[in-house]
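# Observations on the three-dimensional arrangement
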Amino acid sequence: VLENEEAFTEEISRLLKETQKELSWCKRKTEIIDEVEKVTVDESDFIEAVDTVVVVKPDGVQRMTSLVYNNNKDKFKGEVTGVLETDTTKGIALFTRNGQFMQRMAHEIENNSIVNPAEDLHKTVKTFKYDDDIIYSTTFDIGQDTGLEVVSVTAKGQVKRAKLDSSFFAFTQKGYLTRSRDYNGLKIEGDEVIFVDVRPTEEVEKMTLRIVKNNQSRGTLVNCNDLNVQGTSGSGVRKINVKPGDTLRVEVKE
């Protein structure tokens, strides 16, 4: 067969027809491709759960093992706004002074030495301005409804309660929001967030804030269960009158 071109062609033709008959049950190739294109993969399913510590600074984040952190935490330079003991499958939620929210996947934060600088999110998140700072952070389960709410208080005395549902924590392919979104709309000129707390809804409903003006002994009590839940662009409701030069301190009254 190999030496005779005509016999070779006939044998190849016969084999192809047999193959076509055996595979007659198979769908057209284009249909198979269409089905494959519809397959979605959750990246978090391929992340190995490894205990880790994420350190949050006003301008960014860095990650390390708990051993490295515990043995070297006295060597930190600069301000630290949060230390999150978590694992690499979790999400990291970041809240800024200007009412913006950002997020990262823990496993995508570079694992480095405690003496190395934190990843500067001013450089990687275009909407995170250099005059803004991260003031609060927490962890959450990726791809699940968190059941969490965020309570925030501003320097002008606005108090806000908002839900953090699963759509709020949607990730881009890069693992963080390149376009951050509001958690507080800050409608008053010159206002900024001075207090943030994230808790499950059932805890927020039992939560009472004590807002103290100018370090006075008495403060204004705010029952969070009395607050209406607002959308992400809302700015809250006025709970204390603030004059130019006044300063506020917020405490959670357990």
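Here is a short report on the structure shown in this document. Quantities reported herein were computed from a predicted structural model and do not represent experimental measurements. (Residues numbered from 1 in each chain as written. Predicted model: local features only at pLDDT ≥ 70, side-chain atom pairs only at ≥ 80, totals over all residues. Heavy atoms only, no water.)

This part is about the overall build of the protein. In terms of helices and strands, the protein carries five helices and 16 strands. Taken across its 254 residues, the protein has 39% of its residues classed as buried. In the protein, once contacts between residues fewer than 6 apart in sequence are set aside, the share between residues at least 24 apart is 72%. (Helix = DSSP H or I, 4+ residues; strand = E, 2+ residues; numbered from the N terminus. Buried < 20%, exposed > 50% of the residue type's maximum accessible area, 1.4 Å probe, protein only. Contact = heavy atoms within 4.5 Å.)

Let's shift gears to the environment of Q144. When you line up the elements, Q144 lands in the loop between strand 7 (134-141) and strand 8 (148-154). With a relative accessible area of 46%, Q144 lands in the partly exposed category. Sequence separation between Q144 and D165 is 21 residues; the distance between their C-alpha atoms is 8.5 Å.

The antiparallel open sheet is built from four strands, whose spatial order is 3-1-2-6. The sheet terminates laterally at strand 3 (82-87) and strand 6 (119-120), the two strands that pair on one side only. Pairing of strand 2 (residues 60-64) with strand 6 involves two bridges; the strand directions are antiparallel. Bridging across to strand 6, V61 finds its partner in E119. (Pairing = 2+ DSSP bridges.)

Assignment of secondary structure puts D226 in the loop between strand 13 (220-223) and strand 14 (229-230). For D226, a relative accessible area of 56% corresponds to the exposed category. Taking the C-alpha atoms as reference points, D226 and K206, 20 residues apart in sequence, are found 10.0 Å from one another.

This brings us to the pairing of strand 12 (residues 208-213). Burial analysis of strand 12 places five of its six residues in the buried class, which makes it a mostly covered element. Summarising the sheet, strand 12 and strand 13 pair through four bridges and their orientation is antiparallel. Bridged to L209 within strand 13 is V222. The turn joining strand 12 and strand 13, which pair antiparallel and follow one another in sequence, is formed by six residues; a positive phi near 55° is taken by N214. Bridge count for strand 12 against strand 16 (residues 248-253) is six bridges, and the pairing is antiparallel. Considered in strand 16, the bridge of V212 is made with R249.

Within the structure shown, the criterion is met by 13 salt bridges. The partner of D133 in a salt bridge is R97, and the shortest N-O contact between them spans 3.0 Å. Pair noted here: D133 is in the loop between helix 4 (121-124) and strand 7 and R97 is in the loop between strand 4 (90-96) and strand 5 (100-105), with a separation of 36 residues, a long-range link. Here E192 and R97 are joined by a salt bridge, their closest N and O atoms 3.1 Å apart. A residue pair is termed long-range when its members are at least 10 positions apart, and E192 in the loop between strand 10 (181-182) and strand 11 (193-200) and R97 in the loop between strand 4 and strand 5 qualify at 95 residues. Each of E149, R161, K163 and E205 takes part in one network of salt bridges that share partners. (Salt bridge = Lys/Arg side-chain N within 4 Å of Asp/Glu carboxyl O.)

With that out of the way, let us pick up helix 1 (residues 5-22). Under the 1.5 Å per step criterion, the end-to-end length of helix 1 is 26 Å for 18 residues, consistent within 8% with the ideal 26 Å. Its side-chain oxygen 3.0 Å from the backbone nitrogen of E6, N4 forms the N-cap of helix 1. (Expected span 1.5 Å × (residues − 1). Polar contact = N/O pair within 3.5 Å; in protein donor to acceptor, adjacent residues only side chain to side chain.)

Before going further, it helps to examine a nonpolar patch on the surface. There is a patch of nonpolar side chains on the surface, built from V1, L2, F8, I12, L15 and L16 and spanning about 600 Å² of accessible area. Following the sequence through the fold, L16 ends up in helix 1. Judged by relative accessible area, which is 57%, L16 ranks as exposed. (Patch = residues over 30% accessible without salt bridge, like charges linked within 9 Å, V, L, I, M, F, W, Y side chains within 5 Å. Areas by Shrake-Rupley, 256 points an atom, 1.4 Å probe, with all protein chains shown as cover.)

In this section: the environment of I142. Examined against the element boundaries, I142 turns out to sit in the loop between strand 7 and strand 8. Sequence separation between I142 and G91 is 51 residues, and the spatial gap between their C-alpha atoms is 5.7 Å.

Okay, the sheet that holds strand 13 next. The three strands lie next to each other as 13-12-16, forming an open sheet whose pairing is antiparallel. In the strand order of this sheet, the two ends are held by strand 13 and strand 16, each with one partner. For this sheet, the mean angle separating the axes of adjacent strands, direction not counted, is 25°. (Axes fitted to C-alpha atoms, helices over the stretch in contact; angles between N-to-C directions.)

In this section: the pairing of strand 8. A large share of strand 8 lies buried, amounting to seven of its seven residues. What you see with strand 8 is no split at all: L148, V150, S152 and T154 on one side and E149, V151 and V153 on the other are buried throughout. Two elements, strand 8 and strand 9 (residues 158-164), share six bridges in a ladder whose sense is antiparallel. Directly across from V153, in strand 9, lies its bridge partner V159. Two successive antiparallel strands, strand 8 and strand 9, enclose a turn made up of three residues, where G157 displays a positive phi of approximately 85°. The pairing of strand 8 with strand 11 spans seven bridges and is classified as antiparallel.

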